[in-house]
Amino acid sequence: MNTKPKINHHKTQAQIFQPDIQSLKNNKPIGIFDSGVGGLSVLQQTHRLLPKENFIYVADSAFAPWGGKGDEFIEQRSRIITEHLLEQGVKMIVIACNTATASIIEKFRKQYGIPFVGVEPGIKPAVAQTNNGSIGIMATQGTLSSQRYKELNQRFFNDVNLYPIACPGLADQVELCQIDHPKTIKLLESFIKPLLNEQVDTIVLGCTHYSFLIPFIQEIAGQSISLVDTSQAIAEQVKRLLKEYKLENQETNTHSRYFTTGEIEQTRRVISKLLKKNIIELNLLA
Ligand code: DGL
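Notes on the structure follow. Nothing here was measured: the structure is a model prediction, and the numbers come from that model.

1. Considering the overall build of the protein
- When you go through the protein residue by residue, the secondary structure sums to eleven helices and ten strands.
- Taking 286 residues into account, the globule formula puts the C-alpha radius of gyration at 19 Å, and the protein, at 19 Å, falls close to it.
- For the C-alpha atoms alone, the extent of the protein along its principal axes is close to 55 × 45 × 35 Å.
- Look at the contacts in the protein between residues 6 or more apart in sequence, and 75% of them connect residues 24 or more apart.
- Split by element, the accessible area of the protein, about 13300 Å² in all, is 50% carbon and sulfur.
- Averaged over its 31 positive side-chain charges, the protein has a centre that lies 5 Å from the centre of its 28 negative ones.

Printed below as a string of structure tokens:
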């Protein structure tokens, strides 16, 4: 497709906010959101790949984690954030959260006239990579019980053995930036050991928070285990879509802004630590 996306002006009851097609300008920011800081792993890769783009990141820190909270809650939070991003004039939204993607992306694509990119457990690359056909999937309970995951599972059911494991508590540790804390390591061991007992040779990181734990996951799992992280693939998908819709930024004076629903100074500390740079432009999303 060579044209900009068509905005659907046909209003349904659920359509609360529709951007005008004129607002999808090339120099507008890309919005990225997650339940908290996990999606920063997606922001990091996307920024690296697209250094000329402006970004707005929203961390719903006051309400994180979303993983065990159910569809209604996730939809409500995602809608508030999406509409905030649309008010900021974003040209595209990346749902940097497996749990929210599984729950609401199809609905939001229909309701909001803007391109959405989502993230889902990288089972397809894992299937391509595995040698023994045994694949572990670490994700939230929300992701693993979603219809979208069930469909993904069914697609590969005949080719490989998939061992999903819900990892409650893990995203919270990343939210607290307790990456190398003994409690985090203990949790990781308790989730990874059962996968190793199943002789998996590949582990899919099905939650964006877990990308920040990669060195520890690798150490516990062992160097022979392949880890599949989708953040690079998401960045490439964003690049492809910007090109397809002719929405690439041509200007060079770029910047990133951050919003949180949580406590500002605590969130600033965590984001700065995870991204290894000082975050100045952080605002409260009330
Ligand atoms: N980072 C999210 C994901 O990718 C959600 C984690 C959570 O809030 O439970 O699923």
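2. Looking at the pattern of salt bridges
- A complete count under the given rule lists eight salt bridges for this structure.
- Arg 148 is paired through a salt bridge with Glu 120; the nearest N and O atoms lie 3.1 Å apart. Remark: Glu 120 occurs in the loop between β4 (116–117) and α4 (123–129) and Arg 148 occurs in helix α6 (residues 147–156); sequence separation between them is 28 residues.
- Here Arg 148 falls in the partly exposed class, since its relative accessible area comes to 24%.
- Of the residues examined, Glu 120 reaches a relative accessible area of 29% and is grouped as partly exposed.

3. Some thoughts on the sheet that holds strand β3 (residues 92–95)
- A sheet is described by the order of its strands in space; here six strands give the open sequence β4-β3-β1-β2-β9-β10, paired in parallel fashion. Bordering the open sheet on either side are β4 and β10 (282–284), each of which pairs with just one other strand.
- Here β3 pairs with β4 via two bridges, running parallel. Bridge pairing in β4 links Ile 93 to Phe 116.
- Packed onto the sheet, helix α1 (residues 40–49) meets β1 (30–34), β2 (55–59), β3 and β9 (256–260) and runs at close to 170 degrees relative to β2.

4. Observations regarding the site of the ligand
- Taken together, 13 residues lie around the ligand, and Ser 35, Trp 66, Gly 67, Thr 99 and His 209 are the ones closest in.
- Between the ligand and Gly 67 there is a distance of 2.8 Å, counted from an oxygen atom to a backbone nitrogen or oxygen.
- Measuring from an oxygen atom of the ligand, one finds a side-chain N or O atom of Thr 99 at 2.6 Å.
- Here the ligand, which alone exposes 300 Å², has 99% of that area covered by the protein.
- For the shell around the ligand, a count of residues per class yields five nonpolar, seven polar and one charged.

5. Regarding helix α8 (residues 182–197)
- Along its 16 residues, α8 runs 22 Å from first to last C-alpha, staying within 8% of the 22 Å computed at 1.5 Å per residue.
- Residues Thr 184, Leu 187, Leu 188, Phe 191, Ile 192 and Leu 195 constitute the buried set of α8.
- Once α8 ends, the next one or two residues include Gln 199, with phi positive near 65 degrees.

6. Describing the side chain of Thr 101
- With respect to the helices, strands and loops of the structure, Thr 101 is situated in helix α3 (residues 98–111).
- Engagement of the side chain of Thr 101 in a polar contact is seen with the backbone oxygen of Cys 97, the distance being 2.7 Å.
- Excluding residues within four positions of it along the chain, Thr 101 makes contact with Ile 95, Gly 118, Val 119 and Arg 148.

7. Here's the deal with the packing of aromatic side chains
- Scanning the model with the defined rule gives six aromatic pairs in all.
- On the basis of an interplanar angle of 50 degrees and a centroid distance of 6.3 Å, the ring pair of Phe 63 and Phe 73 is categorised as tilted. Here Phe 73 lies in helix α2 (residues 71–87) and Phe 63 lies in the loop between β2 and α2, a separation of ten residues in the sequence.
- The class for Phe 63 is partly exposed, based on a relative accessible area of 32%.
- Note on Phe 108 and Tyr 112: the rings are 5.2 Å apart at their centroids and 70 degrees apart in plane angle, and the pair reads as edge-to-face. Of the two residues, Phe 108 and Tyr 112, neither departs from the other in class, the shared state being buried.

8. A few points about unusual backbone geometry
- Here the amide bond leading from Ala 64 into Pro 65 is cis, since omega sits at -5 degrees, within 30 degrees of zero.
- On the secondary structure map, Pro 65 appears in the loop between β2 and α2.
- Despite not being glycine, Cys 177 has its phi angle at roughly 60 degrees, a positive value.
- With respect to the element layout, Cys 177 can be found in the loop between α7 (170–175) and α8.
- Positioned with a positive phi, Gln 199 is a non-glycine residue whose angle comes to about 65 degrees.
- For Gln 199, the location among the structural elements is in the loop between α8 and β7 (202–206).
- With relative accessibility at 55%, the residue Gln 199 sits in the exposed group.

About the criteria used
Residues numbered from 1 in each chain as written. Predicted model: local features only at pLDDT ≥ 70, side-chain atom pairs only at ≥ 80, totals over all residues. Heavy atoms only, no water. Helix = DSSP H or I, 4+ residues; strand = E, 2+ residues; numbered from the N terminus. Rg over C-alpha atoms; globule rule 2.2 N^0.38 Å. Contact = heavy atoms within 4.5 Å. Areas by Shrake-Rupley, 256 points an atom, 1.4 Å probe, with all protein chains shown as cover. Lys, Arg positive; Asp, Glu negative; His and termini not counted. Charge placed at Lys NZ, Arg CZ, Asp CG, Glu CD. Salt bridge = Lys/Arg side-chain N within 4 Å of Asp/Glu carboxyl O. Buried < 20%, exposed > 50% of the residue type's maximum accessible area, 1.4 Å probe, protein only. Pairing = 2+ DSSP bridges. Axes fitted to C-alpha atoms, helices over the stretch in contact; angles between N-to-C directions. Near = heavy atom within 4 Å. Polar contact = N/O pair within 3.5 Å; in protein donor to acceptor, adjacent residues only side chain to side chain. Nonpolar A, V, L, I, M, F, W, Y, C, P; charged D, E, K, R; others polar. Expected span 1.5 Å × (residues − 1). Phe/Tyr/Trp six-rings, centres within 6.5 Å; stacked < 30°, edge-to-face > 60°.

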